[in-house]
Structures are given as structure tokens and as C-alpha cells.
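# Residue-level structural notes
Each chain is listed here by its residues.
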Amino acid sequence: MNDVKKLPLHEAAYCLTPALRLAIDQLPEQAARSAEELRLRVGQPPSLSCNGRETALSCNAVTAADLREIVARAARESVHSYADSLRQGFLTLAGGHRIGICGTAKAENGVFEGVRQFGSLNIRIAKPVFGCAREAYEQCCREAPASLVILSPPGHGKTTLLRDLIRCASAAGERVAVADERGELAALRDGAPQFDLGGAADVLELCAKKDAVMHLIKTMSPRIVALDEITSAQDAAAVCYAANCGVEIFATAHAFGLEDFRRRAVYKPLLPVFSYAVEITLSDGERACRVHPLKEGAPC
């Protein structure tokens, strides 16, 4: 049991109520090791998610009081960023684990201000995978850094791959500026990344991509700008701005493959920007990456 308690799931579970922590501690080691998310919904038993599939645990249903206590415990450990993070619907835990919050929204003048009544929590288990991007990095950047976009549906590991690409570039001595709008890439605590991004990475978090990219280019003179989840025209404009400033881009985008990426209107302005697309596929629990050259003459 002592070894099992060192698993990422048990590290993330410190903010749970005592009863829920006990249920997690009693899980078989393989279940605890493979868990990617812990879902907590009022009126339902907790469930573990792995490869996009949920399995309910054999324990009592979660209550609204449980969720309030969990958020309160997490906030005490994240007091410096509690207000800003909660307005965006999440809290970052020690070790880079993350609580996503859902329920009754709070709005002011039609603007989303966070969640005021908690209905469900999603604790995402941080599992850095060192070396997972090495092959893709060497294919795309063996001669010099090149702009690339990572493609997959949600839950396939885009952010994990992007973190390792940043580490690869940093290890090669390339300055990487990270526009971490939702605190998922670095998970800063007291200025220090909870995820290892390498020694040559500078992070600006909890700032809209369009503002973050401009600030990073002006202040940190990066060779590469990295950003997660291009989802809007404003995000796409930030990528184009960076490209026009002469820096390379590492980014992620939701798409069911390369053709889907090319069809989506929000991504069309980006097609001239990227030299490569790195497509992640998931089959029978196994992830694989395929590199697609997007520009004529790009090394393959």
C-alpha cells in the first residue's frame, strides 16, 4: 500500500473528504495506476475515467456538501490564484492536478463569472510522460524549429504531448514562451511550474492568448511560442500574430484528423502557418502519433 499511495491518483486525492479518500486508497493498484480522471457528481457514486470510459466506484453517492468541502480544501492550497482560477471554472492542485468545476453559473452583465453552486467536479490526474514527443520533435525540428499543430479529439493527450515538445525544444537550447491561458501546461505555483517544461521555458498563465502572445514576444524574445487549444477566431489571430513576428508555433487543436482540421472555418487562416500537423490516434487504449507535412518541401 505504501507504494500505491505514491501514485498520481493518491497525490491528487489529498483534497477529498476522508470517506472519499478511503475509497480511493482501497482501489486495486492497477485501477489507481490507470486512472486519468476522478468524476464527482451530486447524487451519483464517484467514477474513474480511463481512455474516455467511466467506471463507477462501489461507494456512497456524492453529496453537495462533499463538493463544497473538496473545493474549500483545494482553495486553501491554491489561495494565491483561487479567485482568478475559480472564475475560469478550475483550481490547480499541487503536482499539477486540476479540478474542473461545473454547476450553476454566476454571471454579471451577461459575462460568466464562475460557478456559484457546485454540481460536479472533475479531478484530472497529472501524468507527465517524458519522451512521448521525442520522435515527433525529431521529425519536425531536426534541422531547425518548425511550426506544428497537434490534432486529436478531446482526451487523447494533446496537452501531454505539447508539454513534452516544449521540454524537447528547451533541452535543445531553444527559448520557448508558453501562453498558458488556463494554467494547464505549466500549473504555476508560487512562480514555479508543477510540470517540468525544461530550463529554457518562460510561462505567462491565466491571460487570454491574444494578450499573452503579444506580451511574451515583446518581453521574452522567444524562438518558439507554445499555446494550448486553439478554439476561437481570437486564438487563431494570436497564432497569426506570432507567426508574423517571425517565431515558430507549437499549438494544439480539436479535430478528428487532418481533413477535419482543414475543413473547420476557425482553422483555415492557420493553414499557411504550420509546417506540420501531429495527429494523435487512440485505439484499444493505445495512443499513436503520425506526422503530416503541411508545406511543400518540409522534411518528413
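Residues numbered from 1 in each chain as written. Predicted model: local features only at pLDDT ≥ 70, side-chain atom pairs only at ≥ 80, totals over all residues. Heavy atoms only, no water.

## What about the pairing of strand S8 (residues 176-180)?
This is how it is decided: With a 1.4 Å probe rolled over the protein chains alone, any residue whose accessible area is under 20% of its type maximum counts as buried; one over 50% counts as exposed, and the rest are partly exposed. Labels follow the DSSP assignment, with helices taken as runs of H or I lasting at least four residues and strands as runs of E lasting at least two, numbered in each case from the N terminus. Two strands make a pair as long as DSSP finds a minimum of two bridges between them.
With respect to burial, S8 is a largely interior element, 5 of its 5 residues being buried. Across 5 bridges, S8 lies against strand S11 (residues 201-205) in parallel orientation. Bridge assignment links Ala179 to a residue of S11, and that residue is Leu204. Sheet topology places S8 next to strand S12 (residues 224-230); 4 bridges connect them, and they run parallel. If you follow Ala179 over to S12, its bridge partner there is Leu227.

## Comments concerning the side chain of Glu184
Note the following rule: Counting of polar contacts relies on pairs of N or O atoms within 3.5 Å, with two restrictions inside protein: one atom must be capable of donating a hydrogen and the other of accepting it, and residues adjacent in sequence are counted only when both atoms are side-chain atoms. Whether two residues are in contact is decided by their heavy atoms: any pair within 4.5 Å suffices.
Residue position: Glu184 is located in the loop between S8 and strand S9 (188-189). Look at Glu184 and you get buried, because its relative accessible area is 10%. Within the local environment of Glu184, its side chain forms a polar contact with the side chain of Arg124, the two groups lying 3.0 Å apart. Among all residues touching Glu184, those that are not within four sequence positions of it are Arg98, Arg124, Thr159, Arg163, Phe195, Asp228 and Glu229.

## Some details on the sheet that holds strand S4 (residues 90-92)
Paired through backbone hydrogen bonds, the strands of a sheet run either parallel or antiparallel to each other. Defined as follows: Every axis corresponds to a line fitted to the C-alpha atoms, with the helix fit spanning only the stretch in contact, and the corresponding angles, defined between N-to-C directions, vary from 0 to 180 degrees.
Pairing is antiparallel across the open sheet formed by 6 strands, whose spatial order is S3-S2-S1-S6-S5-S4. Every other strand in the sheet has two partners, leaving strand S3 (53-56) and S4 as the edge strands with one partner each. Across the sheet, the axes of successive neighbouring strands diverge by a mean angle of 35°, strand direction being ignored. With 11 bridges connecting them, strand S5 (residues 98-108) and strand S6 (residues 111-124) associate as antiparallel partners. Within S6, the position partnered with Ile101 by the bridge is Leu121.

## Points about the sheet that holds S12
One open sheet accounts for 7 strands, arranged S11-S8-S12-S13-S7-S14-S15; its pairing is mixed. Of all the strands in the sheet, just S11 and strand S15 (286-293) have a single pairing partner and so form its edges. Pairs of neighbouring strands in the sheet enclose a mean axial angle of 20°, with direction left out of account. Judged from the 5 bridges that link them, strand S7 (residues 148-152) and strand S13 (residues 248-254) form a sheet pairing that is parallel. Bridging from a neighbouring strand, Val149 pairs with Ala251 of S13.

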